[in-house]
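# Structure at a glance
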Amino acid sequence: MTEAHVADGRTRRREDTKQRLFDAAVELIAEQGFSATTVDDIALRAKVAKGTVYYNFASKTALFEELLRHGIGQLTDEFRAAVAGLPPREAVGALVRAQLEFIRRYQSFAQLLLSEMWRSNREWQQTLLLLREQAISVIAETMQAGVDSGDLRAELDVRVASSALFGVGLVVAVDWLVFSPERPVEEVEQALLAIVQRAT
């Protein structure tokens, strides 16, 4: 086996471990809150040694910040992929679908994000604001393209509309999954799109 294969295997194992820690921490923090979740809990849920958590993250706070980066970064990437090459009105619909599908896959992360979004006393608040801005900027670019092309109303406040789509999508998706999980995603998407289209 070559050194490159060995290094590649190590990288894959490290990424797999980080993903397991991410999944475990998100579930636990969504279930019981950040303060009540210990590193021991995370290690046990992820089925790794406690030292492995500290090997990958300097502290529980650093782990939480990385959770935010990982989750919101993934959502932002999915937003960008969803709108690629689409005209603005279709792109807005694609953003709604992408957000619903992401939250369906990562419900615990969405609940965690929703609970942390408006808290202002957390060490990671600045990180969260910057990451949220990255996701919303994709929506804003799409809406601005719609205004510029005449597909969306010229008087649309792009900044407010983008924040609204992000926030409403998050709340509606979590509400759907917690209280009406039997509803098909297509039905929720159409209801959410109807709200968005009235605003745009």
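For the structure itself, consult the block above.
As the structure is a computational prediction, the values presented were derived from the model and not from experiment.

Quick look at the pattern of salt bridges now. All told, the structure shown has 15 salt bridges when counted by the stated rule. E141 is paired through a salt bridge with R80; the nearest N and O atoms lie 3.4 Å apart. Of the two residues, E141 is situated in helix 7 (residues 125-149) and R80 in helix 4 (residues 60-83); the sequence distance between them amounts to 61 residues. Taking relative accessible area as the criterion, R80 reaches 40% and is therefore assigned partly exposed. Each of the salt bridges in this network shares a partner with another, and the network as a whole consists of R97, E101, R104, E186 and E189.

Applying the stated criterion across every chain, the model contains three aromatic pairs. A ring pair is formed by F22 and F109, whose centres lie 6.1 Å apart and whose planes are at 40 degrees; its orientation type is tilted. Separated by 87 residues along the polypeptide, F22 in helix 1 (residues 3-32) and F109 in helix 6 (residues 107-116) bring together distant segments of the chain. Residue F22 shares its accessibility class with F109, and that shared class is buried.

What follows is about the nonpolar core. By size, the foremost hydrophobic cluster in this structure holds 62 residues, and its most contacted members are F79, L113 and F166. If you list the elements that add at least two residues to this core, you get helix 1, helix 2 (39-46), helix 4, helix 5 (88-105), helix 6, helix 7, helix 8 (158-179) and helix 9 (185-199). With residues near it in sequence (within four places) discarded, F166 still touches L75, F79, Q99, L113, M117, R132, A135, I136 and I139.

Cut-offs applied
- Residues numbered from 1 in each chain as written.
- Predicted model: local features only at pLDDT ≥ 70, side-chain atom pairs only at ≥ 80, totals over all residues.
- Heavy atoms only, no water.
- Salt bridge = Lys/Arg side-chain N within 4 Å of Asp/Glu carboxyl O.
- Helix = DSSP H or I, 4+ residues; strand = E, 2+ residues; numbered from the N terminus.
- Buried < 20%, exposed > 50% of the residue type's maximum accessible area, 1.4 Å probe, protein only.
- Phe/Tyr/Trp six-rings, centres within 6.5 Å; stacked < 30°, edge-to-face > 60°.
- Core = buried A, V, L, I, M, F, W, Y, C linked by side-chain atoms within 4.5 Å.
- Contact = heavy atoms within 4.5 Å.

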